[in-house]
Structures are given as C-alpha cells and as structure tokens.
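Structural features, examined
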Amino acid sequence: MRVPGRLLIMLFAAGLVGAIAMPAWAYWSDDVEVTGATVTAYRVAAPSNVACTLTNKELLYDYWHGMRITATVPAAPAGGPAYSYSVQMVRVSAPGTVLWSHPLTPSGTTVTYNFVNADITSDQPVQDQTSVDYFVRIVVSLVSAPSWSASGQVNIDANNSPGILGIIGAGVYYGSPRGANSPGGMAGACARG
Amino acid sequence: MISLLRRRWRLVLLLAAVPVLGAVPAWAYWTSTQPVPDSTMPLGTLDLTVNDADPYTTFAFPGAGAMYPGTSTAAVLTVRNAGNVPLAYYAQASATDPLGAALRYTVTGGAVTGTAPHQACGGTVIAGPLNLTSSPGPFVADDTTRRLLGVGAVETLCVQAALPPDAAATLQGTTTSITIRFYGKQVGQP
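Residues numbered from 1 in each chain as written. Chains lettered and ligands numbered in written order. Predicted model: local features only at pLDDT ≥ 70, side-chain atom pairs only at ≥ 80, totals over all residues. Heavy atoms only, no water.

Some words on the interface of chain B and chain A
- Chain B puts 49 residues into the contact, and the matching count from chain A is 24 residues.
- Buried surface at the junction of chain B and chain A, summed over both partners, amounts to about 3200 Å²; 55% is from carbon and sulfur atoms.
- Residues arginine 181 of chain B and glutamate 33 of chain A are paired through a salt bridge, measuring 3.0 Å at the closest nitrogen-oxygen approach.
- Run the count over chain B and chain A and you get 21 residue pairs in polar contact (both at pLDDT 80 or more).
- Take the side of chain B that touches chain A: its biggest share by element is 12 residues, from strand 11 (residues 175-186) of chain B.
- Looking at side-chain class alone, the side of chain B that touches chain A contains 28 nonpolar, 17 polar and 4 charged residues.
- Where strand 1 (residues 29-40) of chain A and strand 11 of chain B come together, 10 bridges link them in antiparallel fashion. For valine 34 of chain A, the partnering residue across the bridge sits in strand 11 of chain B and is isoleucine 180 of chain B. (Contact = heavy atoms within 4.5 Å. Buried area = accessible area lost by both parts, 1.4 Å probe. Salt bridge = Lys/Arg side-chain N within 4 Å of Asp/Glu carboxyl O. Polar contact = N/O pair within 3.5 Å; in protein donor to acceptor, adjacent residues only side chain to side chain. Helix = DSSP H or I, 4+ residues; strand = E, 2+ residues; numbered from the N terminus. Nonpolar A, V, L, I, M, F, W, Y, C, P; charged D, E, K, R; others polar. Pairing = 2+ DSSP bridges.)

Right, here's the structure in full:
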C-alpha cells in the first residue's frame, strides 16, 4: 500500500514531538524545604546624649567675656561609628534652654564660631544686673552604628578664644577672654545624659 | 390454485424465518468466568525527609539571637530516605539580608561542639566554608554530585554559621532568614 508523503511527514513529526516530550517524570523525585532558621546580630549599645561643656562665665572688671568656640569631633575610623554634633550656647541658670545652636555638623569637620551680640539678644541682661553666665556645650549624636568593640569615648577638641563683641547696653560689655580653654580634648568633661 | 397458495405459504414462512435466523444469539458460544481474589501491585515510594518532616519548618540555630564577630552557631539536620527506592540528593540554600551574606557556612558530617555563642561542627567537612545570597545557591553537593542515600539510610548534616571577625558594624541588630532546599532524586535520574 502506498502511503502519501504528507502522511509520512505528519507521522514523523508526531513521533518527534512524542520523543521530545518523553517525560522526566519517568523518574521520581522529592524535595524538602527547610525553613525557620534565623540569625540576628548583636547591636552595640549606642551612646546617646553625649554632651561636653565649655564654660565661659567669668566676670572681669564688669566685662562679659566674649566667646569664640572651636570644636572638632574626630572623623569616624573605617568601619567605626560616625557622629554628628551640635554646638549650643545656653544660660548657666537655664541649661535646658538653648539660646543658640550650630547646625548638626559631621564628625571630622571643625566648627568655629564667634558669638555675637545678636546671638543672645533674646537673653539680654536687664539693667542693674551685673552678670549673666553662659556656657557652650557640644552635643554629640550618633549617626551610624558604633563599632563592635566601641569604647564609647568620643574625643572632643574645643576651646574658647577671646573677642570683644560689642556693647550691649546698660554698661555691660563683652570683654577679654577668661573662659575655660581646653585644647587637646575634653573627654573627661563629657557625660552621657 | 392450491399450488399458488402453497408457494405463498412458503414465502411467508421463509420471511418469518429470516429474522429468527438473524437473531441467532451469541449464547450459542460457551463462556465461563472464574473470580480471582483482589490483589495489589506494590509500587516503590521515593520519600526524602529532613528531621523526619517534609517540609521542615522549625529549623533553628541555638543562641543565634546575638551574634557578633568571631561567634558561631550550629545545628544538626538529619536527612533520611524514608521511601523504598534508593535516592540521591543535593541541597541549595539562600539567606536574606546583608547579614545572611556575611555569615560563613560550613557543613560537616559530625555533631555540634562547644556552646553558644561559639558552637562549631565537628567531623568531616562536606561543604564550605561558603557564603549565601538571596538566590538559592550550592550548599551540599550539586545536581551532578548528588549524595547517595540508600533505602532507610540516614545522613547527619551539621550546619555551622559563623560571623567573621571583620564583619561590618552596619550589620548590628540585623536579622537573616536561612532557607535550605533538599532535592531528592531517583538514582540514575539524569
């Protein structure tokens, strides 16, 4: 019997498809998923509210001491913690009220600022008041995780410098320097709140 | 006349006989049946379990809640051929988050040694140390080097996860989830 060529081609194609589709399921398999395991890394307690004070409250011949603050918080070592810090000026008698503050500054960057009359305009001494004491403090904030072996110490280099900033009325003057001067770091003056 | 009637009767009889002959029943052939008792044809079973479960959802590393550089944790998995067909298996694993990628994993054929947070796996190293990613990657053997597991056979795998001494501080407080998938295949399967 003569089989048409087209039929032969169709039969061949069907066989080919069948061969290709020869199933892998001819073999058995079984998969098992294992879940539930978690691992958590320890977090080193972050220092918070680290503040250092730099006092300039001495009175000399009825002059107020001008203040110039220069502060530096060291840059973070590789893989270590990074901090930012803020310089604030507050009244000694009311430390909770910030009269002036410098914007947050990355560690490793020096902040130098000459306080001027305008900075304490809202806190002018009243007439017949002989003195108003201010101090500057440096508040350090944690930006990144401290290192695994963090000692927790933040070294701050800050100092006061003089500057006659002007007469602010009522015979009260900013005067020459007598403020605390603390070059080389103030680790001992810092505390965690 | 009589002759005509006879011919007609013959025709009627003939016509009547045709359907009768056509309806000759099959019962003309003899048959016989014999009941056979029910029986079953036994088939093989390919069954892979881990810690006698499939899936195993409660795998846990003891003391793995506060890892820090230089620490390690370990736990044992028991891989069993619970079927009646020889099989071969391999495993892939993945881990989430940067912590999962930072951990170093080692698989041995031994038991857990030490105590948290310094547990380790004793015995012969089967795999590792290796790192995992968020995508499944080789963990124990692979599809071309499957580990044979005969019928009823058990293999103990000790899995150790260690945080290297130089782990980044940014990993602090993070968590990773580890998923392991075992692939059991019939021996001889390409």
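Comments concerning the pattern of salt bridges
Residues and elements named next belong to chain B.
- Following the criterion strictly, the structure yields 5 salt bridges over all chains and no others.
- Residue arginine 146 pairs with aspartate 143 through a salt bridge whose shortest N-O separation is 2.9 Å.
- The exposure class assigned to aspartate 143 is partly exposed, which follows from its relative accessible area of 32%. (Buried < 20%, exposed > 50% of the residue type's maximum accessible area, 1.4 Å probe, protein only.)

Here we look at the side chain of arginine 146 of chain B
All names here are of chain B.
- Positionally, arginine 146 belongs in the loop between strand 8 (137-140) and strand 9 (147-149).
- A distance of 2.9 Å separates the side chain of arginine 146 from the side chain of aspartate 143, its partner in a polar contact.
- Reaching out from arginine 146, the side chain makes a polar contact with the backbone oxygen of proline 190 at a distance of 3.4 Å.

A closer look at the confidence of the model for chain B
Residues and elements named next belong to chain B.
- Per-residue pLDDT for chain B has a mean of 87; in total, 85% of the residues score no lower than 70.
- Per-residue pLDDT, averaged within each element of chain B, yields its smallest value for helix 1 (residues 2-22) (56) and its largest for strand 4 (residues 104-108) (98).
- Overall fold confidence (pTM) sits at 0.60, and the ipTM for the predicted complex is 0.79. (pLDDT = per-residue confidence, 0-100.)

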